[in-house]
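So you can see what is in the structure, the chains are spelled out below.
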Amino acid sequence: MSALTWITVGSLAAWVWLLLGQGFFWRTDVRLPGRTPPTEWPPVAIVVPARDEAEVLPSSLPSLLAQDYPGRAEIFLVDDGSSDGTGDLARALAAEHGGLPLTVASPGEPGPGWTGKLWAVRHGMALARARTDAEYLLLTDADIAHAPDSLRELVSAARSGGLDLVSQMARLRVATAWERLIVPAFVYFFAQLYPFRWINRPGARTTAAAGGCVLLRREAAERAGVPDSIRQAVIDDVTLSKAVRRTGGRIWLGLADRVDSVRPYPRLGQLWRMVSRSAYAQLRHNLLLLAGTVAGLAVVYLAPPVAVVAGALTGETLPLAAGAAAWAVMTGTYMPMLRYYRQPLLLAPLLPFTALLYLLMTVDSAVQHYRGRGAAWKGRTYARPEAAP
């Protein structure tokens, strides 16, 4: 058999394994677990780190102010050195819409070894401790809009299941052609890497969270030393979940029904930067892991369509058949995510092209790191953790 045939058969075997043995990652039915309203609603502090978010804040902050929560809840928006009037806009929105009490504060520039977001979270959590007796902390990004019952449902799920961390992956915005091509695949790849069913098993080794919406028990945060123990993390949500899990915390992660990101990524360059800023950090800045990832993506996602085309041109039936079968399984596993995002299923066969883009974004992430521009976001560039002062 030719080398292409061997590679394609290997790709088909990989897809059979992914279909059946990777926690059914492709299913999209992992939603908030059974929720029994508590007899007494615990107090909650909502912490919102925000840096230059004036564009999205009018679409997100009113949804937090309008939370229909039976207990006490207070919002702490931490303005992380914004230059676009984020803090003043937040105060104006609170005055206009009313609702939950809002405190806007600014901690100044991040301390040594801290990422900006976690420095802001630290400040918000400190304010919450000083001013409230909150049992839970809702850590949510400034671009996330919540349905009116979102906080109530999160707290009910945490209380009912005895969970220390409940996280929902917000439904990202999908409006432009590039968003349709790249955004659903982003969540698909994340679920493939961190299968939700595995994460949600008590004591599981696999763990992750989605940073846009994390309800965290205050006691669990203190036990895990959060956020100080993860202050250098660029991929802060996954690192947070690991810290909580290490100290015995119970975690749940799933897809959201009524929690949405309102941040637009209309152009390819914006989506590219979103992915590439942290892709190499995900690989622990390791060239061997980068090489393995590139090879794996090529074999699993790119080999099937190449084999189909080559087989059709040369008349070799085995690579054609194996490539078509692998491509069919790949396409079928992607369809549930497209349905979740309400996108045409005709996009599913294009997943190899999208995977190629992610491969290039990952390589670019490494290139930018070695050029000294890795993990750059909103005017800041972060060193790899072991190099941080």
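As the structure is a prediction and not an experimental result, all values here were calculated from the model.

1. Comments concerning the overall build of the chain
Counting its secondary structure elements, the chain contains 13 helices and 10 strands. Expected size for 389 residues packed as a compact globule is a radius of gyration near 21 Å; at 22 Å, the chain falls within 12% of this value. Taken over the C-alpha atoms alone, the chain extends approximately 70 × 50 × 40 Å along its principal axes. Across the 389 residues of the chain, 54% fall into the buried class. Sequence separation of at least 24 residues holds for 82% of the intrachain contacts in the chain that already meet a minimum separation of 6. For the chain, the exposed area adds up to about 16400 Å²; of that, 59% sits on carbon and sulfur atoms. In the chain, the 39 positive side-chain charges and the 31 negative ones have mean positions that sit 6 Å from each other.

2. Re the environment of Arg129
Along the polypeptide, Arg129 turns up in helix H4 (residues 116-131). Owing to a relative accessible area of 39%, Arg129 belongs among the partly exposed residues under this scheme. Expressed as a C-alpha distance, the spacing of Arg129 and Ala45, which sit 84 residues apart in the sequence, is 8.8 Å. Apart from residues no more than four positions distant in its own chain, Arg129 is found in contact with Arg218 and Glu222.

3. Thoughts on the packing of helix H6 (residues 177-193) against helix H12 (residues 317-340)
As a packed pair, H6 and H12 sit with axes 10 Å apart at the nearest point and diverge in direction by 100°. The angle between H6 and H12 falls in the class roughly perpendicular. The residues of H12 that touch H6, namely those facing Leu181, Pro184, Ala185, Val187 and Tyr188, are Met330, Thr333, Tyr334, Met337 and Leu338.

4. A few points about a nonpolar patch on the surface
Taken together, the side chains of Met1, Trp6, Val9 and Leu318 present a nonpolar region at the surface, about 430 Å² in accessible area. Along the chain, Val9 falls in helix H1 (residues 3-21).

5. Focus on the packing of aromatic side chains
The full count for this structure, using the stated rule, is 12 aromatic pairs. Measuring from ring centre to ring centre gives 5.5 Å for Trp41 and Tyr69, while their planes differ by 80°; the resulting arrangement is edge-to-face. In this pair, Trp41 is assigned in the loop between H1 and strand E1 (44-50) and Tyr69 in the loop between helix H2 (57-65) and strand E2 (73-79), connecting sequence segments 28 residues apart. Ring geometry for Phe190 against Tyr194: centres 5.1 Å apart, planes inclined by 50°, an arrangement best described as tilted. In terms of burial, Phe190 and Tyr194 fall into one category: buried. Members of the aromatic cluster, joined through ring pairs, are Trp15, Phe25, Tyr188, Phe189, Tyr301, Tyr334 and Tyr358. Seen from the ring of Tyr340, Arg171 lies directly overhead, with NZ or CZ sitting 4.0 Å from the centre.

6. Side note on the sheet that holds strand E6 (residues 165-171)
Judged by pairing direction, the sheet is mixed, and its eight strands sit side by side in the order E3-E2-E1-E4-E7-E6-E8-E5 without closing on themselves. Bordering the open sheet on either side are strand E3 (102-105) and strand E5 (144-146), each of which pairs with just one other strand. On average, each strand axis in the sheet is tilted by 30° relative to the strand beside it, whichever way the strands run. Across four bridges, E1 lies against strand E4 (residues 136-140) in parallel orientation. Within E4, the position partnered with Val44 by the bridge is Tyr136.

Conventions and cut-offs
Residues numbered from 1 in each chain as written. Predicted model: local features only at pLDDT ≥ 70, side-chain atom pairs only at ≥ 80, totals over all residues. Heavy atoms only, no water. Helix = DSSP H or I, 4+ residues; strand = E, 2+ residues; numbered from the N terminus. Rg over C-alpha atoms; globule rule 2.2 N^0.38 Å. Buried < 20%, exposed > 50% of the residue type's maximum accessible area, 1.4 Å probe, protein only. Contact = heavy atoms within 4.5 Å. Areas by Shrake-Rupley, 256 points an atom, 1.4 Å probe, with all protein chains shown as cover. Lys, Arg positive; Asp, Glu negative; His and termini not counted. Charge placed at Lys NZ, Arg CZ, Asp CG, Glu CD. Axes fitted to C-alpha atoms, helices over the stretch in contact; angles between N-to-C directions. Parallel < 35°, antiparallel > 145°, perpendicular 65-115°, else oblique. Patch = residues over 30% accessible without salt bridge, like charges linked within 9 Å, V, L, I, M, F, W, Y side chains within 5 Å. Salt bridge = Lys/Arg side-chain N within 4 Å of Asp/Glu carboxyl O. Phe/Tyr/Trp six-rings, centres within 6.5 Å; stacked < 30°, edge-to-face > 60°. Lys NZ or Arg CZ within 6 Å of the ring centre and 35° of its normal. Pairing = 2+ DSSP bridges.

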